[in-house]
Amino acid sequence: MNIHGDSSRPRNTEPSVNVALANALKRLHPDWNDDTLHAERTNVIQSVSESHSAVQKSTPKLTGKRPDILVAPPRRQPVIVETEFHPARTVEQEAIARLGLPLKGSGEDIEGVLSVILPESLKHGNLDEVANVTFQYATHYLDRDGEISRWPGENDWLEGKVEDLADAIEFVSISPKRIATSTTILEVVVSQSAERLIEWAGEDALKKIATKLHQEPGTQTIRMVTAIFVSAFVFHAAIEEQLQIPQIPRDVSISKFELLSLWEEILEVNYWPVFGIAKELLEELPVIAVPRVMDRIARSISSLAQLGAMSYHDLTGRMFQTLITDRKFLATFYTLPESACLLAELAVNRLDVDWSDKTAIEQLKIADFACGTGALLSAVQRSICRKYRRTGGDDMELHSVMMENVLIGLDIMPAATHLTCSILSSFYPSLAYGECQIHTMPYGIEEDGTHIGSLDFLTEDYSYSLFASGETLTGTKTNHTQGYSVTLKVGSCDLVIMNPPFTRPTGHEGAIKTDTPVPSFAGLGKGEVDQRAMSAKLKKSQPEFGHGNAGLASNFMDLGHRKLKDGGILALVLPFAAVQGKAWGKARKMLNDHYDDIHIVSIATTGGKDQAFSADTGMAEVLVVAKKQRSSKKSIYCSNLRSRPVSFLDAAEEAKRQPQEVLSGNILEAGFVGVLSNSVIKSAQNILQGKLVLPRSTDQFLIPIIALGDIALRGLYSLDINGEPPRGAFKNRKLEENEVPEYPALWNHDANRERMMVVQPDSSCDVNTGYEQKAVDDWKRTASRLHWNADFRLNSQSLSMCITLDECIGGTAWPNVIVNDNRHEIVLLLWSNSTLGLLMHWWKGTRQQQGRSRVSITAMSGFPVLDATTLTSEQLDLCQSIFNELKNETFLPANESYRDNIRKQLDRALLCDVLCFPVSVIESLDLLRDQWCAEPSVHGGKKTRINTGYLD
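Nothing here was measured: the structure is a model prediction, and the numbers come from that model.

*Asks:* How would you summarise the overall build of the protein if you had to cite specific residues and measurements?
*Replies:* Counting secondary structure elements, the protein contains 31 helices and 33 strands. Counting all 952 residues of the protein, 60% fall into the buried class. Considering only contacts within the protein whose residues lie at least 6 apart along the sequence, 74% involve residues at least 24 apart. Just so you have it, the protein exposes about 37,600 Å², and 47% of that area is on carbon and sulfur atoms.

*Asks:* Tell me about the environment of isoleucine 598, and name the residues and values.
*Replies:* Relative to the assigned elements, isoleucine 598 resides in strand β17 (residues 595-603). Of the residues examined, isoleucine 598 reaches a relative accessible area of 3% and is grouped as buried. Setting aside anything within four residues of it in sequence, one finds isoleucine 598 in contact with Arg350, Leu591, Val624, Val625, Ala626, Ser635, Ile636, Tyr637 and Ile667.

*Asks:* Quick rundown of the pairing of strand β3 (residues 79-85)? Include the residues and the values.
*Replies:* When you tally the buried positions in β3, you get seven out of seven residues, the bulk of the element. Of the two faces of β3, the one lined by Val79, Val81, Thr83 and Phe85 and the one lined by Ile80, Glu82 and Glu84 are each fully buried. For strand β2 (residues 69-71) and β3, the ladder comprises three bridges, and the chain directions are antiparallel. Within β3, the position partnered with isoleucine 69 by the bridge is valine 81. Pairing analysis gives seven bridges linking β3 to strand β4 (residues 112-118), with the strands arranged parallel. Paired with phenylalanine 85 across the bridge in β4 is leucine 118. Handedness of the β3-helix α3 (residues 91-98)-β4 crossover: right-handed.

*Asks:* Break down the packing of aromatic side chains for me, citing the residues and quoting the values.
*Replies:* For the coordinates displayed, the defined rule picks out 13 aromatic pairs. Taken together, a centroid distance of 6.3 Å and an interplanar angle of 40 degrees make the contact between phenylalanine 171 and phenylalanine 648 tilted. Taken together, the residues phenylalanine 171 in helix α4 (residues 162-172) and phenylalanine 648 in helix α22 (residues 648-656) connect sequence positions 477 residues apart. No difference in accessibility class separates phenylalanine 171 from phenylalanine 648, as the two residues are buried. Among the aromatic side chains, those forming a connected cluster through ring pairs are Phe229, Phe233, Phe235, Trp263 and Phe275.

*Asks:* For the sheet that holds strand β31 (residues 816-819), give the residues involved together with the corresponding values.
*Replies:* What the seven strands build is an open sheet, ordered β24-β31-β28-β30-β26-β27-β25; its pairing is mixed. The sheet is open, and its two edges are formed by β24 (712-714) and β25 (730-734), each paired on a single side. Shown here is a sheet whose adjacent strand axes are inclined to one another by a mean of 40 degrees, direction ignored. Alignment of strand β28 (residues 784-788) against β31, held across two bridges, turns out to be antiparallel. Bridging from a neighbouring strand, leucine 786 pairs with valine 817 of β31.

*Asks:* Which residues make up the packing of helix α15 (residues 375-390) against helix α16 (residues 399-406), and what values go with them?
*Replies:* Running from N to C, α15 and α16 cross one another at 135 degrees; their axes reach a closest spacing of 12 Å. When the axes of α15 and α16 are compared, the pair comes out oblique. When the axes of α15 and α16 are compared, the crossing they make is right-handed. Contacts from Gln381, Ile384 and Cys385 in α15 reach His399, Met402 and Met403 in α16. Here the residues of the contact of α15 with α16 sort into four nonpolar, two polar and no charged.

*Asks:* Give a description of the pattern of salt bridges that names residues and reports values.
*Replies:* Two side chains with opposite charge may pair up if their charged atoms get near one another. Scanning the model with the defined rule gives 40 salt bridges in all. Linking aspartate 167 and arginine 386 is a salt bridge whose minimum nitrogen-to-oxygen distance equals 3.2 Å. Of this pair, aspartate 167 sits in helix α4 while arginine 386 is found in helix α15, placing the two residues 219 residues apart along the sequence. Each member of the pair, aspartate 167 as well as arginine 386, carries the same accessibility label: buried. Among the charged side chains, a salt-bridge network with shared partners connects Asp164, Asp167, Glu170, Glu345, Arg386, Arg389, Arg390, Asp395, Glu653 and Lys656.

*Asks:* For unusual backbone geometry, give the residues involved together with the corresponding values.
*Replies:* Residue proline 87 is bonded to the preceding histidine 86 through a cis peptide linkage, with omega at 15 degrees. Structurally, the position occupied by proline 87 is in the loop between β3 and α3. Here the residue pair proline 725 and proline 726 is connected by a cis peptide bond, since its omega of 10 degrees sits within 30 degrees of zero. Phi is positive for arginine 696, close to 60 degrees, though the residue is something other than glycine. Tracing the backbone through its elements, the reader meets arginine 696 in the loop between β21 (691-692) and β22 (701-702).

*Asks:* Hey, could you go over the nonpolar core for me, with residue numbers and the actual values?
*Replies:* Grouped together as the largest cluster of nonpolar side chains are 133 residues, with contacts concentrated most on Ile600, Phe672 and Trp932. Top element by residues in this core is helix α29 (residues 901-914). It accounts for seven residues. Once residues within four sequence positions are removed from consideration, tryptophan 932 is found in contact with Val680, Leu794, Leu838, Leu839, Trp842, Ala894, Ser897 and Val938.

*Asks:* Could you give an account of the packing of α4 against α22, with specific residues and numbers?
*Replies:* Each pair of packed helices gets described by two things: the angle between the helix axes and the distance between those axes. Contact geometry for α4 and α22: axes closest at 9 Å, N-to-C directions at 155 degrees. When the interaxial angle is binned, α4 and α22 end up roughly antiparallel. Helix-helix and strand crossings are classified by hand; for α4 and α22 the assignment is right-handed. Along the contact surface, α4 presents Asp164, Asp167, Ala168 and Phe171, while α22 presents Phe648, Leu649, Ala652 and Lys656. Grouping the constituent residues of the contact of α4 with α22 by class yields five nonpolar, no polar and three charged.

*Asks:* So what about the sheet that holds strand β9 (residues 407-411)? Which residues, and what values?
*Replies:* Overall, mixed pairing links the nine strands, which are arranged β10-β9-β8-β15-β16-β18-β17-β19-β20 in an open sheet. The sheet is open, and its two edges are formed by β10 (437-440) and β20 (660-661), each paired on a single side. Where strand β15 (residues 493-498) and strand β16 (residues 564-575) come together, five bridges link them in parallel fashion. By the bridge assignment, methionine 498 is partnered in β16 with leucine 572. Against the sheet, helix α21 (residues 585-594) contacts β16, β17 and β18 (621-628), and its axis sits at roughly 135 degrees relative to β17.

*Asks:* Tell me about helix α5 (residues 176-201), and name the residues and values.
*Replies:* The first and last C-alpha atoms of α5 sit 36 Å apart over 26 residues, in line with the 38 Å expected at 1.5 Å per residue. Among the residues of α5, those classed as buried are Arg178, Ile179, Ala180, Ser182, Thr183, Leu186, Val189, Val190, Ser193, Ala194, Leu197 and Ala201. In the segment just after α5, glycine 202 is the residue with positive phi, at about 90 degrees.

*Asks:* Give a description of the side chain of arginine 296 that names residues and reports values.
*Replies:* Within the fold, arginine 296 resides in helix α10 (residues 289-306). Ignoring anything within four residues of it in the chain, the contact list for arginine 296 reads Val188, Val189, Gln192, Ser193 and Arg196.

*Asks:* Tell me about the environment of aspartate 762, and name the residues and values.
*Replies:* In this fold, aspartate 762 is placed in the loop between β26 (744-746) and β27 (763-767). For aspartate 762, a relative accessible area of 15% gives the class buried. Note: C-alpha distance between aspartate 762 and tryptophan 747 (15 residues apart in sequence) is 6.5 Å. Sequence-distant contacts of aspartate 762, defined by excluding residues within four places in its chain, comprise Arg733, Lys734, Leu735, Ala745, Leu746, Trp747, Asn748 and Arg753. A polar contact of 3.0 Å, which involves the side chain of aspartate 762, links it to the backbone nitrogen of asparagine 748.

*Asks:* Tell me about the confidence of the model for the protein, residues and numbers included.
*Replies:* Per-residue pLDDT for the protein averages 86, and the proportion of residues at 70 or more is 88%. Across residues 322-331, confidence stays below pLDDT 50; counting only partners more than four residues off in sequence or on other chains, it has 43 contacts. Here residues 468-483 scores under 50 on pLDDT; set against residues more than four positions off or in separate chains, the count is 44 contacts.

*Asks:* Tell me about the side chain of asparagine 499, residues and numbers included.
*Replies:* With respect to the helices and strands, asparagine 499 occurs in the loop between β15 and α18 (528-539). Within the structure, asparagine 499 has its side chain in polar contact with the side chain of threonine 335 (distance 2.9 Å). Within the structure, asparagine 499 has its side chain in polar contact with the side chain of serine 614 (distance 2.8 Å).

*Asks:* Account for α4, naming residues and giving values.
*Replies:* Counting buried residues in α4 gives ten out of eleven residues, a clear majority hidden from the surface. For α4, the full list of buried residues reads Val162, Asp164, Leu165, Ala166, Asp167, Ala168, Ile169, Glu170, Phe171 and Val172.

*Asks:* Let's hear about the environment of leucine 28: which residues, and what values?
*Replies:* Within the fold, leucine 28 resides in the loop between α1 (14-26) and β1 (37-39). C-alpha separation for the pair leucine 28 and glycine 393, spaced 365 residues apart in sequence, amounts to 8.1 Å. When sequence neighbours within four positions are dropped, the list of residues in contact with leucine 28 reads Val162, Glu163, Ala166, Arg389 and Arg390.

The rules behind the values
Residues numbered from 1 in each chain as written. Predicted model: local features only at pLDDT ≥ 70, side-chain atom pairs only at ≥ 80, totals over all residues. Heavy atoms only, no water. Helix = DSSP H or I, 4+ residues; strand = E, 2+ residues; numbered from the N terminus. Buried < 20%, exposed > 50% of the residue type's maximum accessible area, 1.4 Å probe, protein only. Contact = heavy atoms within 4.5 Å. Areas by Shrake-Rupley, 256 points an atom, 1.4 Å probe, with all protein chains shown as cover. Pairing = 2+ DSSP bridges. Right-handed = clockwise from strand over helix to strand, strands pointing away. Phe/Tyr/Trp six-rings, centres within 6.5 Å; stacked < 30°, edge-to-face > 60°. Axes fitted to C-alpha atoms, helices over the stretch in contact; angles between N-to-C directions. Parallel < 35°, antiparallel > 145°, perpendicular 65-115°, else oblique. Left-handed = near helix turned anticlockwise from the far one by under 90°. Nonpolar A, V, L, I, M, F, W, Y, C, P; charged D, E, K, R; others polar. Salt bridge = Lys/Arg side-chain N within 4 Å of Asp/Glu carboxyl O. Core = buried A, V, L, I, M, F, W, Y, C linked by side-chain atoms within 4.5 Å. Expected span 1.5 Å × (residues − 1). Polar contact = N/O pair within 3.5 Å; in protein donor to acceptor, adjacent residues only side chain to side chain. pLDDT = per-residue confidence, 0-100.

Right, here's the structure in full:
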């Protein structure tokens, strides 16, 4: 019996569902009410004949039809939601038809719409249950160039409940076109105002200003100054309608005295975070320079305010990042807004908080100890407020307490803390607050001792703030120039989120001068005395994560770890080396020992820039989120994205997806990071456990795997061969034609002469005078025929191991492998150059650079190889026969194994003939080989990659 009656006659119509859906949405945002969110209302948008939109005229329209739902709160871009019952054949057409149309009355253009497929169940169900229904939906919006875009991709649909629709509406209400326009205006204003400042201020004033910002004088510093002035003006425009806030003079020339008086009036109300440093910089300007600079800025404010610049928190952050002078020394690369959103959502989702409990939210402590432009704290602020809204709360009620107690931001750059405060304050610019927790930390040798910025807190609970960025509501100014105490106790934070500086004290960054003693502390113009004193202080902090070769980012991990409470969340942007690099081993062990529920996010694509979550790094990065909690059974997850999130909605949706649990993985063996194919991951992990489990097959075979160090010794490190005596007995040089050297060596890579398994020596190791005995001893101990590819360029080189006809010394590229039993040489050679051997080299190697796998000579011993000791004499003889047959054959580069018949012949012979696996494994191995060759970290984007139709 159908309790709803005849199923052929729907109980609910689309308009009735739209009204119910609109009512459900109104409960999820305090600004969505009967005045701002309408269902089935007519006469709210202009008709086709009234519109002058190029987008509207170029798109087929369904004229005269009212929008299903219109969401148009103040200070946000309006959004239309079009709905239709499944199969919804016209819903996208109707949605797209709205793009570019202006609203009647306000004239605001529709730049974002949702198309929503209503499930059939709503035709007959109780509409009071609409909040529990799962919808399919997609977003359509005008991009920065005014072109129509769809997200997710063509024919893809998101799925979610009303709360997810609310998220999508909020994110689509942020206009990419307006952000692009505002950024252009800012760039022009800052550039032109800086030129005027240089022309009119004079060298003395510019030097004083640079000192105020702790930077060296120069064009970039001047642009930073003007950007601070622009930020202050834009914020002023956002609050000038309040009582006691004076108006910005726009029609008259602005004098220095007048502007100082204006900002002093504002500071009497509050807003020290925004106007304090701006006023101090203004005080240093000559009277004649002020109108020339400030008039230009003031003229731009109206257009920026109309575009809603202050509602887009990361807008000015993008500008500031291009202006920081010490980028290479401080490595303060700006976290892209979409990346910040993803990391913040992942982190906030893990907080154990009842989001309907205002008191519980206000008791949180969330810190960024390298806050930079405030992108991460701003993203956290947005996420928390949105979660509170979804429970029916008004997030405006949270603002003051969040600024005073919840959000903690520290940095060594006054301009950065100014911007962070501006961005966080602009969430509700009309709301005053007391002393906030955004501070500029001392850096270098001061009167009271040596300071290393936020890292002071590694050994201390207290420090002091320069240019203090908070103030009491009374407006009574504390002594900002001398600063005041900042308290940050051990175990006090619920969440630490950071994109810490990546600089290293050993000067590995290519852009850093080699004569800089300690590059990691060379920022802000610090000289050698300061650098060495700061480095000495850091060494006294007893680092647990920190390692000099890993850089300051590992020290910031120490700081986050110490300040997190048990159960707290650590969320970081780190270089890709953090999950595989040798210098980061200490940090990974600490994560493994002290954290659980570890989630690593990478971007599995080609090109360092496209693998980065920060702007302008040009290097691959990962996001790491973990819970501070000891656990006997570790849970580790990975998300290997095909591309960086393209929007806030993309980032938020990615954070909701269930990541892949790496059942047999851990943070110490993170080969799964940056890998797209689950089949490749599972196959590699199974091989490590001695099992051959191939894709598209349920068969499982045992395969004998052993660590290379258990059946062979490694040769000498290159510097132990040719390093300055007494370290090395030799100095190597290129072989002369027809030369027969006393000590031959295979030292360097030459891909074209390394296509066959047998490779000829390329160098002579000449003996240093007086080291003849050491030379003989080293030769006898380490010379061998078998050699290991320590720096394997997968997209140009063919061999993981090679063999020479006679013994020789192995150098930088080809260190020696000295087998315990000479019969095992050929087994290791064949295995290493088979598809499974290549897979293992890539899996265990570090992959910071695309198309490249590096396994250091010290890591060679743990490398997984076929256990030759388990093979019978007949199997060993068979390996020798395979080698004899293939030794003169030419292999293609490793990434071209998908079309390498010699490699395939080797695979078949090794698996089916030697190991006696059934021929049926070959089909599955062919698939695995293709999948591996398709990995971006294997082909590195070269045209020879699979599926490009490349032919020689």
